[in-house]
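One letter stands for each residue in the lines below.
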Amino acid sequence: MSGFFKSSIGRKYAMALSAFFLMFFLLQHFAINILSVFSPDAFNEASHFMGTFWAVQYLLQPILIFGVIYHFVMGFYLEIKNKNARVVKYAKNNGAANSSWMSRNMIYSGLAILAFLVLHFIDFWLPELNTKYIQGNMSGLLADGESFRYYEELVHKFVNPIRVIAYVIAFVFLSLHLMHGFSSAFQSAGVTSMRKEKLQIFGKAYAIIIPLGFIFIAIYHHFNH
Amino acid sequence: MNLTLKIWRQKDAQSKGKMVDYKVTEISEHMSFLEMMDVLNEQLINSGEEPVAFDHDCREGICGMCSMYINGEAHGPDRGVTTCQLHMRMFKDGDTITIEPFRAKAFPVLKDLVVDRGAFDRIQHAGGYISVNTSGNTQDANSLPISKHAADEAMDAATCIGCGACVASCKNSSAMLFVGAKVSQYALLPQGQVEATDRVRNMVAQMDLEGFGNCTNTGACEVECPKGISLENIARMNRELLKSNF
Ligand code: HEM
Ligand code: SF4
Ligand code: FES
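**A short note on the overall build of chain A**
Looking only at helices and strands, chain A has 9 helices and 0 strands in total. The secondary structure elements of chain A, listed N-terminal to C-terminal, are α-α-α-α-α-α-α-α-α. For chain A, with 225 residues in total, the buried portion stands at 43%. Contacts in chain A between residues far apart in sequence, at least 24 positions, make up 75% of those at least 6 positions apart. Split by element, the accessible area of chain A, about 12200 Å² in all, is 73% carbon and sulfur. Mean positive and mean negative side-chain charge positions of chain A (17 and 10 charges, respectively) differ by 27 Å.

Written as structure tokens, this is what we have:
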């Protein structure tokens with residue numbers, strides 16, 4: 001089995017596996033964020049649960065961190081390896097004739113997502129780690145000690161229009177990444193093309209609706225704080 | 001038609017090579033692309049120049065030799081054809097046509113448009129066969145019942161002519177469509193089961209060794225393949241490799 005993950009195809013499986021996890025995570029993240037539009041209380045409850053439940057904090061979170069790092073490190077590694085598989089480039093190459101722009105530029109859409117993740121890390125994750133593990137405040141409450149802080153923090157972040165614009169751009173790239181990535185991950189995992197047409201439609205829907213939803217949330221809070 | 005051709009000229013495997021411009025005149029739209037190349041070569045020979053070396057054999061789309069990257073696509077702009085089946089009616093009078101060899105580290109250029117596709121042969125040798133006792137008591141192949149569906153799919157995979165257009169078109173120079181087809185052609189049939197585990201492992205290992213890139217499912221290969229080999233074969237190869245580890 002160790003030979004398997006060193007083979008080109010084994011790496012495809014691993015890449016697809018990390019991508020599946022990321023897509024599942026994204027869906028879950030969206031499901032919680034969208035609550036903030038309908039019910040601040042429900043959003044607070046869900047955030048507090050995710051932020052303090054041990055299985056999420058000590059099981060899913062490490063898997064997520066590993067998954068993200070594996071995914072983009074492997075993405076870069078494969079990109080470089082694949083570039084090196086053609087030493088002399090074509091003088092004229094018509095890639096648009098046979099493949100989608102999204103499929104040919106996964107590394108660039110991926111880079112844009114990575115840039116966003118750095119911003120996201122600084123914006124939400126670092127303050128969160130600071131509050132919970134450095135200051136040791138696991139209560140999830142505001143300074144008044146009465147109500148939860150999560151909703152307040154979220155809305156506060158989207159006051160700045162520049163941040164909102166950065167979020168929108170990042171999610172457009174995420175959409176482009178998933179336009180190809182969703183069905184690609186299934187193909188890598190060996191899912192047959194008989195089921196592929198429905199899968200394609202479902203994948204495109206996921207790739208549009210989820211990022212669009214995140215964009216909506218950012219803009220909604222920007223105008224309703 | 002009068003055409004301008006930009007062709008990759010390279011003296012031998014060690015030389016650097018460059019694009020060179022040529023003009024051809026009075027090309028009939030009924031000619032095949034290779035016949036147009038013949039006209040050019042005759043012209044070159046008559047004027048004492050070195051003709052353009054290119055691979056070809058059957059000139060009817062079955063040998064897979066005629067590798068050319070024409071205007072940025074393997075076998076040119078038409079679909080489901082090899083270069084020998086590409087007609088000049090696909091082009092217009094006054095066009096400039098770029099002609100390059102199939103490019104991949106695993107397909108080194110030998111001269112002009114001729115590349116060494118020996119890597120494909122070595123992948124085949126690694127497992128693209130079944131072992132049959134031919135000492136006189138060979139079983140009749142038809143004594144094994146095979147479903148029509150499996151037979152059709154195996155036949156579709158077996159139509160791969162090993163031309164290398166998939167590798168040439170792939171932005172990653174991946175050989176997975178070729179290897180996927182060769183693995184599938186046996187994986188779908190009862191005769192292929194005995195050696196199935198070793199076959200897929202060895203063929204994939206050889207493919208990796210030859211320096212082909214890794215598939216990212218762009219699907220360019222499927223579009224440019226003259227035989228319409230489907231991506232489904234890559235998915236099947238992936239499943240076969242996974243299965244071979246249990
Ligand atoms: C952190 C920055 C990221 C980078 C640099 C990156 C890079 C890449 C690259 C280069 C590929 C193509 C490799 C291949 O198909 O084998 C890829 C595939 C993919 N990525 Fe990303 N990506 C990133 C983040 C994400 C995120 C956040 C998601 C989902 C939420 C995602 C989902 C996918 C999917 C579904 C695939 C297809 C996997 C497959 O074909 O097996 N990526 N990524
Ligand atoms: S899969 Fe298609 S493009 Fe690739 S070698 Fe076979 S026939 Fe040629
Ligand atoms: S010369 Fe045989 S396929 Fe073109």
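**Quick look at the sheet that holds strand β2 (residues 18-24) of chain B**
If you trace the 5 strands from one edge of the open sheet to the other, you get β2-β1-β5-β3-β4 (chain B), paired in mixed fashion. Strands with a single pairing partner mark the edges of an open sheet, and in this sheet they are β2 and β4 (73-74) of chain B.

**Overview of the site of ligand 1**
In the vicinity of ligand 1 there are 25 residues, among which His 71, His 177, Gly 181, Ser 184 and Ser 188 of chain A approach most closely. More than one chain reaches ligand 1: the nearby residues come from chains A and B. For ligand 1, a nitrogen atom lies 2.8 Å from a polar atom in the side chain of His 177 of chain A. Here Ser 184 of chain A contributes a side-chain N or O atom positioned 2.4 Å from an oxygen atom of ligand 1. Residue assignment for the shell around ligand 1 shows that the elements contributing at least two residues are α2 (8-38), α4 (54-84), α6 (106-134) and α8 (161-188) of chain A. Take the shell around ligand 1: its biggest share by element is 7 residues, from α8 of chain A.

**Observations concerning the environment of His 149 of chain B**
Residues and elements named next belong to chain B. Summarising the element assignment, His 149 is placed in helix α3 (residues 148-158). Using a relative accessible area of 53% as the deciding quantity, one classes His 149 as exposed. Considered as a pair, His 149 and Leu 188 are 39 residues apart in the sequence and their alpha carbons are 9.5 Å apart.

**Regarding the domain arrangement of chain B**
The extent of an interface is frequently quoted as the accessible surface area lost upon association of the parts. Residues and elements named next belong to chain B. Considered domain by domain, chain B is made up of domain 1 (3-111) and domain 2 (117-132 + 146-244). The C-alpha centroid of domain 2 is placed 27 Å from the C-alpha centroid of domain 1. Contacts between the two partners involve 21 residues from domain 1 and, on the opposite side, 19 residues from domain 2. Both sides together, the interface formed by domain 1 and domain 2 hides about 1500 Å², and carbon and sulfur atoms give 57% of it. In this structure, the connection of domain 1 to domain 2 is made through 2 salt bridges. Our enumeration of links across domain 1 and domain 2 arrives at 5 residue pairs in polar contact (both at pLDDT 80 or more). In terms of residue class, the side of domain 1 that touches domain 2 is built from 10 nonpolar, 7 polar and 4 charged.

**Describing the coordination of the iron atom of ligand 1**
All names here are of chain A. Around the iron atom of ligand 1, the protein contributes the donor atoms His 71 (NE2) and His 177 (NE2), at 2.0 Å from the metal centre. Bound by 6 donor atoms, the iron atom of ligand 1 shows angles of 87 to 180° at the metal and therefore octahedral coordination geometry. Here the residue His 71 occupies a position in helix α4, and His 177 occupies one in helix α8, the gap between them amounting to 106 residues. With respect to class, His 71 is no different from His 177; both count as buried.

**Overview of the nonpolar core**
Of all hydrophobic cores here, the largest spans 42 residues; its most connected members are Phe 120, Val 179, Phe 212 and Met 237 of chain B. Where this core is concerned, the elements lending two or more residues are α2 of chain A together with α2 (118-127), α4 (165-169), α5 (176-187), α6 (196-209) and α8 (232-243) of chain B. A total of 6 residues in this core trace back to one element, the largest contributor, which is α5 of chain B. Built from parts of two domains, this core gets at least three residues from each of domain 1 (3-111) and domain 2 (117-132 + 146-244) of chain B.

**Some remarks on the environment of Leu 78 of chain A**
Inspection of the secondary structure assignment puts Leu 78 of chain A in helix α4. For Leu 78 of chain A, a relative accessible area of 10% corresponds to the buried category. Sequence spacing of Leu 78 of chain A and Met 15 of chain A is 63 residues, and the spatial spacing of their C-alpha atoms is 10.0 Å. Sequence-distant contacts of Leu 78 of chain A, that is, excluding residues within four places in its chain, are made with Met 15 of chain A together with Asn 214 of chain B.

**Section: the site of ligand 2**
Residue and element names in this part refer to chain B. Near ligand 2 lie 13 residues; those nearest to it are Cys 160, Cys 163, Gly 164, Cys 166 and Cys 225. Looking at the shell around ligand 2, the elements with two or more residues in it are α4 and α5. Across the shell around ligand 2, the residue classes break down as 11 nonpolar, 2 polar and no charged.

Rules and cut-offs
- Residues numbered from 1 in each chain as written.
- Chains lettered and ligands numbered in written order.
- Predicted model: local features only at pLDDT ≥ 70, side-chain atom pairs only at ≥ 80, totals over all residues.
- Heavy atoms only, no water.
- Helix = DSSP H or I, 4+ residues; strand = E, 2+ residues; numbered from the N terminus.
- Buried < 20%, exposed > 50% of the residue type's maximum accessible area, 1.4 Å probe, protein only.
- Contact = heavy atoms within 4.5 Å.
- Areas by Shrake-Rupley, 256 points an atom, 1.4 Å probe, with all protein chains shown as cover.
- Lys, Arg positive; Asp, Glu negative; His and termini not counted.
- Charge placed at Lys NZ, Arg CZ, Asp CG, Glu CD.
- Pairing = 2+ DSSP bridges.
- Near = heavy atom within 4 Å.
- Polar contact = N/O pair within 3.5 Å; in protein donor to acceptor, adjacent residues only side chain to side chain.
- Domains from an automatic or database assignment.
- Buried area = accessible area lost by both parts, 1.4 Å probe.
- Salt bridge = Lys/Arg side-chain N within 4 Å of Asp/Glu carboxyl O.
- Nonpolar A, V, L, I, M, F, W, Y, C, P; charged D, E, K, R; others polar.
- Donors = N, O, S within 2.8 Å, 3.2 Å for Na, K, Ca; no water.
- Tetrahedral: all angles 85-135°; square planar, octahedral: opposite > 155°, others 65-115°.
- Core = buried A, V, L, I, M, F, W, Y, C linked by side-chain atoms within 4.5 Å.

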